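Working through the structure, step by step
Below, each chain spelled out in residue letters.
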Amino acid sequence: MSQRNVDAVRACLDAWNRRDVDAWLKDAHADIEWVSAVTQSMEGTDRVYRGMGEMRGFWHEWHSVWDMAIHIEELRDLGDTVLAEGRLGVRGDASGIGLEQPIAYVFEFEDGLARRVHSYFDPQQAREAAEQIP
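Residues numbered from 1 in each chain as written. Predicted model: local features only at pLDDT ≥ 70, side-chain atom pairs only at ≥ 80, totals over all residues. Heavy atoms only, no water.

A closer look at helix 1 (residues 2-18)
Quick reminder: α-helices carry 3.6 residues per turn. Residues three or four places apart thus point the same way. Just so we agree on the cut-off: The helix count covers DSSP runs of H or I at least four residues long, the strand count covers runs of E at least two residues long, and both are numbered beginning at the N terminus. Expected helix span is taken as 1.5 Å per residue step, with the number of steps being one fewer than the number of residues. Any residue under 20% of the maximum accessible area for its type is buried, any over 50% is exposed, and the rest in between are partly exposed; the area is computed with a 1.4 Å probe on protein chains only.
Here helix 1 is 17 residues long and its end C-alpha atoms lie 24 Å apart, about the 24 Å a rise of 1.5 Å per residue gives. Every buried residue of helix 1 is accounted for by Asn5, Val6, Ala8, Val9, Cys12, Leu13, Ala15 and Trp16. Arginine 19 lies just past helix 1 and shows a positive phi near 60 degrees.

Topic: the side chain of threonine 81
Rule in force here: Any two residues whose heavy atoms approach within 4.5 Å at even a single point are treated as in contact.
Along the chain, the position of threonine 81 falls in strand 4 (residues 81-92). Residues contacting threonine 81, with those up to four places away along its chain left out, are Arg76, Val106, Phe107, Glu108 and Ile133.

Some words on the packing of aromatic side chains
What counts, and what does not: Aromatic pairs are defined between Phe, Tyr and Trp rings, using the six-membered ring for Trp, whenever the two ring centres lie within 6.5 Å; interplanar angles under 30 degrees are classed as stacked, those over 60 as edge-to-face, and all others as tilted.
Enumeration according to the criterion identifies 13 aromatic pairs in this entry. Taking 6.3 Å as the distance between ring centres and 55 degrees as the angle between the ring planes, the aromatic pair formed by tryptophan 34 and tyrosine 105 counts as tilted. In this pair, tryptophan 34 sits in strand 1 (residues 28-35) while tyrosine 105 sits in strand 5 (residues 98-110), placing the two residues 71 residues apart along the sequence. Here the two residues tryptophan 34 and tyrosine 105 agree in accessibility, since each one is buried. Cluster of aromatic residues (ring-pair linked, three or more members): Trp16, Trp24, Trp34, Tyr49, Phe58, Trp59, Trp62, Tyr105, Phe107 and Phe109.

Some remarks on unusual backbone geometry
At arginine 19, a residue that is not glycine, the phi angle is positive and equals roughly 60 degrees. By the secondary structure assignment, arginine 19 is in the loop between helix 1 and helix 2 (21-24). For arginine 19, a relative accessible area of 40% translates into the label partly exposed. You will see that aspartate 111, though not glycine, has its phi angle at about 55 degrees, which is positive.

Focus: helix 5 (residues 123-132)
Condition: Here the arc refers to the set of directions running from the helix axis out to each C-beta atom. Nitrogen and oxygen atoms within 3.5 Å of one another constitute a polar contact, given that in protein one can donate a hydrogen and the other can accept it, and given that sequence-neighbouring residues count only through two side-chain atoms.
Taken together, the buried positions of helix 5 are Pro123, Ala126 and Ala130. An end-on view of helix 5 places all buried positions within 55 degrees of arc, on one side of the element. Within helix 5, the exposed residues directed more than 90 degrees away from the buried face are Glu131 and Gln132. Capping the start of helix 5, aspartate 122 holds a side-chain oxygen 2.9 Å from the backbone nitrogen of glutamine 124, two or three residues further along.

Here it is in structure tokens:
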């Protein structure tokens, strides 16, 4: 099952880059919980997006303002958890201002679907979080 999880993470992040919301959510659990480092950084909140409706809202909110590309450099199979590390490129659609920085995702799977996802700007934090998951 774990290779399938790795493939699902790769497909999810590739779909983000292609701006394909349906493919992005294809392997998401109906009760998914998503914590975004970008939201935390920009809004200063620990907001958790829950369920498909909020996930679609998150998608449209960010894609309407930003051109964001996730470049994954490494995927680690940890069984029901997948750690993805890479770089995030962001450019404002209106301003054209861009930046690039490290990004890491911890995907937790339940019944073959992504149940919890947390992104981090600090890959070490993501590694430590992934190690804490039973």
